[in-house]
Amino acid sequence: QIGGDREIKLTQLIAILDEQTGGLSYEIYAADTVEAAKAGTPIITGEWVAGRNGANKMRVRGAAVFVRLKSSSVSTPWAIENLIATLTVAGKVRQR
């Protein structure tokens with residue numbers, strides 16, 4: 001979350017997973033508040049594989065934006081080495 005009166009725009013994610021990681025699912029949430037984002041449904045979903053993944057282009061805007069990572073296997077450990085996000089300030093929070 002940037003600030004109380006500003007929105008951000010997430011335009012790209014690049015994930016680098018550990019070579020032994022079988023893969024991860026991701027979900028991206030955004031809303032005017034953290035509580036609304038957590039309670040909402042994902043705006044974008046996808047899968048990453050072991051190693052360096054290609055750039056995922058997107059347009060997600062909100063005052064609160066977060067990425068949830070999930071493994072399909074509860075018993076298998078996973079590791080993320082790097083997550084690169086491209087963010088820009090999108091302006092004042094819109095009155096909805």
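Right, let's walk through the structure included here. The residue numbers shown here count from 1 along each chain, following its written sequence. Given that this is a predicted model, residues contribute local features only at a pLDDT of at least 70 and side-chain atom pairs are listed and counted only at 80 or more, while totals for whole chains, interfaces and linings are drawn from all residues. Hydrogen atoms and water are omitted, and side-chain values are computed over all heavy atoms in the structure.

Points about the overall build of the protein
Then, in step 1: Each helix and strand counted, the protein has one helix and seven strands in total.
Then, in step 2: The secondary structure listing takes helices from DSSP runs of H or I that are at least 4 residues long and strands from runs of E that are at least 2 residues long, numbered from the N terminus. Starting at the N terminus, the α and β elements of the protein follow one another as β-β-α-β-β-β-β-β.
Then, in step 3: Overall size of the protein, expressed as C-alpha extent along the three principal axes, is 45 × 25 × 15 Å.
Then, in step 4: Accessible area is worked out with a 1.4 Å probe on protein chains only. A residue is then buried under 20% of its type maximum, exposed over 50%, and partly exposed in between. Burial analysis of the protein (96 residues in total) assigns 34% to the buried set.
Then, in step 5: In the protein, the proportion of contacts linking residues at least 24 apart, taken out of those at least 6 apart, comes to 81%.
Then, in step 6: Note that His is not counted, nor are the chain ends; the positive residues are Lys and Arg, and the negative ones are Asp and Glu. In plain terms, the charge of a residue is placed at NZ if it is Lys, CZ if Arg, CG if Asp and CD if Glu. Taken together, the 12 basic and 9 acidic charged side chains of the protein have centroids lying 10 Å from each other. In what follows, a contact means two residues having at least one pair of non-hydrogen atoms within 4.5 Å.

Considerations on the sheet that holds strand β3 (residues 44-48)
Then, in step 1: Two strands pair under a simple rule: DSSP has to find at least two bridges between them. Strand order in this open sheet of three strands is β3-β2-β6, and the pairing throughout is antiparallel. Pairing within the sheet leaves two strands with one partner each, and these edge strands are β3 and β6 (64-70). The average angle at which neighbouring strand axes cross in this sheet is 20°, direction not considered.
Then, in step 2: Across seven bridges, strand β2 (residues 24-31) lies against β6 in antiparallel orientation. Helix axes use the C-alpha atoms of the stretch in contact, all axes being lines fitted to C-alpha atoms, and the angles between their N-to-C directions lie in the range 0 to 180 degrees.

Focus on the side chain of Glu 7
Then, in step 1: Within the secondary structure, Glu 7 is located in strand β1 (residues 6-17).
Then, in step 2: In this structure Glu 7 comes out as buried when scored by relative accessible area, which is 0%.
Then, in step 3: Looking at Glu 7, its side chain comes within polar contact range of the side chain of Arg 61, at 2.4 Å. Within 3.5 Å is the distance limit for a polar contact, defined as a pair of N or O atoms, with the added protein rule that one can donate a hydrogen and the other accept it, and that residues adjacent in sequence qualify only through two side-chain atoms.

Side note on the nonpolar core
Then, in step 1: Counting 13 residues, the largest nonpolar core has Leu 10, Leu 13, Ile 28, Trp 48, Met 58, Val 60 and Val 65 as the members making the most contacts within it.
Then, in step 2: Contributing elements (two or more residues each) for this core: β1, β2 and β5 (56-62).
Then, in step 3: Looking at this core element by element, the count peaks at five residues for β1.
Then, in step 4: Not counting residues up to four positions away in its chain, the partners in contact with Trp 48 are Leu 13, Ala 15, Leu 17, Gly 23, Leu 24, Tyr 26, Asn 53, Asn 56, Leu 69 and Leu 83. To form a nonpolar core, buried Ala, Val, Leu, Ile, Met, Phe, Trp, Tyr and Cys residues must be joined to one another through side-chain atoms within 4.5 Å.

Some details on the side chain of Thr 21
Then, in step 1: In this fold, Thr 21 is placed in the loop between β1 and β2.
Then, in step 2: Since its relative accessible area comes to 3%, Thr 21 is described here as buried.
Then, in step 3: The residues contacting Thr 21, other than those within four sequence positions of it, are Ala 50, Trp 78 and Ala 79.

A few points about the packing of aromatic side chains
Where two aromatic rings form a pair, the distance of their centres and the angle of their planes describe that pair.
Then, in step 1: Any two of the Phe, Tyr and Trp rings considered here, Trp counted by its six-membered ring, make a pair once their centres fall within 6.5 Å; the pair's planes then place it as stacked at under 30 degrees, edge-to-face at over 60, or tilted in between. The final tally for this structure, using the stated rule, is two aromatic pairs.
Then, in step 2: Between Tyr 26 and Trp 48, the aromatic rings sit 4.2 Å apart at their centres with planes inclined by 20°, giving stacked as the arrangement. You can see Tyr 26 sitting in strand β2 and its partner Trp 48 sitting in strand β3, a full 22 residues away along the chain. Summarising the burial analysis for this pair, Tyr 26 and Trp 48 share the class buried.
Then, in step 3: Ring geometry for Tyr 29 versus Phe 66: centroids 4.8 Å apart, planes at 5°, classification stacked. Here Phe 66 lies in strand β6 and Tyr 29 lies in strand β2, a separation of 37 residues in the sequence.

What is shown is where atoms sit, not what they do.
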